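What the coordinates show
The primary structure of each chain is shown beneath.
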Amino acid sequence: MTEAQLAVLRRLVFSLALGVAAYAAVAYSVLPLGSTVHPDMRVAFNSHQLGIYSHIFASIFALALGPFQFSQRLRTRHPHLHRWSGRLYLGVGVLVGGVAGLYMAQFAFGGTPSQWGFSLLAIFWLASGWRAFSAIRRGDVTAHQRWMVRNYALTLAAVTIRLYLPLGGLLGVPFEITYPAVTWLCWLPNLAIAEWWLARGGGPVTISKDH
């Protein structure tokens with residue numbers, strides 16, 4: 001894949017992230033809670049409103065801030081803004097979103113497979129965020145950037161889950177089967193791609209200086 005193709009792919013991924021963040025912000029601030037999900041999921045949402053709202057809006061924060069953390073222009077021209085937005089990304093988006101996600105995973109539709117899928121996603125999201133924070137605190141920029149690639153790959157589970165769920169419907173797979181599978185598929189391939197990218201010598205997935 002050429003550098004130009006990679007640039008297009010990066011912009012597509014970041015555009016999807018911002019689009020999903022905007023959609024979720026509208027869906028969970030304007031529409032009645034749970035109106036866009038399966039009726040059984042709606043019951044859990046309404047029974048644990050603080051948990052679901054904390055998870056959703058913190059995750060929106062992470063999705064929306066993440067692309068700017070990978071902006072080379074922001075890092076070079078406005079390093080203080082990069083550092084502060086990174087603290088907000090990790091401290092609000094990942095920490096609050098991950099803890100709330102771990103809590104809500106216990107009530108996930110689909111039983112034990114879904115609960116484990118979302119629980120491990122939350123744990124790895126929190127752990128990779130902590131590793132990224134710890135690395136930059138000790139001045140290891142390279143390790144910080146590598147852990148941020150992994151962390152944002154997990155953040156993008158919010159995007160991939162919204163791609164896979166409709167695909168299951170189009171293929172005629174019952175929702176009761178699709179959903180538990182997607183709780184794993186929404187993040188394991190993302191993390192595998194991030195590891196492949198890093199293993200082949202890929203650096204931070206930057207947006208160019210001009211964008």
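Residues numbered from 1 in each chain as written. Predicted model: local features only at pLDDT ≥ 70, side-chain atom pairs only at ≥ 80, totals over all residues. Heavy atoms only, no water.

Across its full length, the protein holds ten helices and zero strands. Over its C-alpha trace the protein gives a radius of gyration of 17 Å, about what one expects of a compact globule, namely 17 Å for 211 residues. Taken along the three principal axes of its C-alpha coordinates, the protein extends 45 × 35 × 30 Å. A burial count over the protein gives 43% of its 211 residues as buried. Contacts in the protein between residues at least 24 apart in sequence constitute 73% of all its contacts with a sequence separation of at least 6. In the form shown here, the protein has an accessible surface area of approximately 11200 Å², with 69% of it arising from carbon and sulfur atoms. Looking at charge distribution, the protein has the averaged site of its 16 positive side-chain charges lying 12 Å from that of its 6 negative ones. (Helix = DSSP H or I, 4+ residues; strand = E, 2+ residues; numbered from the N terminus. Rg over C-alpha atoms; globule rule 2.2 N^0.38 Å. Buried < 20%, exposed > 50% of the residue type's maximum accessible area, 1.4 Å probe, protein only. Contact = heavy atoms within 4.5 Å. Areas by Shrake-Rupley, 256 points an atom, 1.4 Å probe, with all protein chains shown as cover. Lys, Arg positive; Asp, Glu negative; His and termini not counted. Charge placed at Lys NZ, Arg CZ, Asp CG, Glu CD.)

Its boundaries defined by the atoms lining it, the largest pocket holds a volume of some 880 Å³. Looking at the largest pocket, it is lined by 39 residues, and the ones nearest its centre are Ile 56, Phe 118, Ile 161, Arg 162 and Tyr 179. Taken together, the residues that form the lining of the largest pocket break down as 31 nonpolar, six polar and two charged. (1 Å grid on protein atoms, 1.4 Å probe; cavity = no way out; pocket = protein on both sides within 12 Å on 5 of 7 lines; lining within 4 Å. Points joined across faces, edges and corners; volume = space filled by probe spheres on them. Nonpolar A, V, L, I, M, F, W, Y, C, P; charged D, E, K, R; others polar.)

Owing to its 3.6 residues per turn, the α-helix brings residues three or four apart onto one side. Between the first and last C-alpha of helix H8 (residues 157–170) there are 20 Å, a value that for 14 residues agrees with the 20 Å anticipated at 1.5 Å per step. If you check which residues of H8 are buried, you get Ala 157, Ala 158, Val 159, Thr 160, Ile 161 and Gly 168. Among the residues trailing H8, Gly 172 stands out with phi positive, at a value near 80°. (Expected span 1.5 Å × (residues − 1).)

Attention now goes to the nonpolar core. If you look at the biggest cluster of nonpolar residues, it comprises 47 residues, and the most contacted ones within it are Tyr 28, Phe 45, Leu 63, Tyr 89, Phe 118, Tyr 152 and Cys 186. The dominant element in this core, judged by the number of residues it contributes, is helix H1 (residues 3–29), at seven residues. Those residues within four positions of Tyr 152 in sequence are excluded, and the remaining contacts are Phe 14, Ala 17, Ala 62, Leu 63, Gly 66, Pro 67, Phe 70 and Tyr 89. (Core = buried A, V, L, I, M, F, W, Y, C linked by side-chain atoms within 4.5 Å.)

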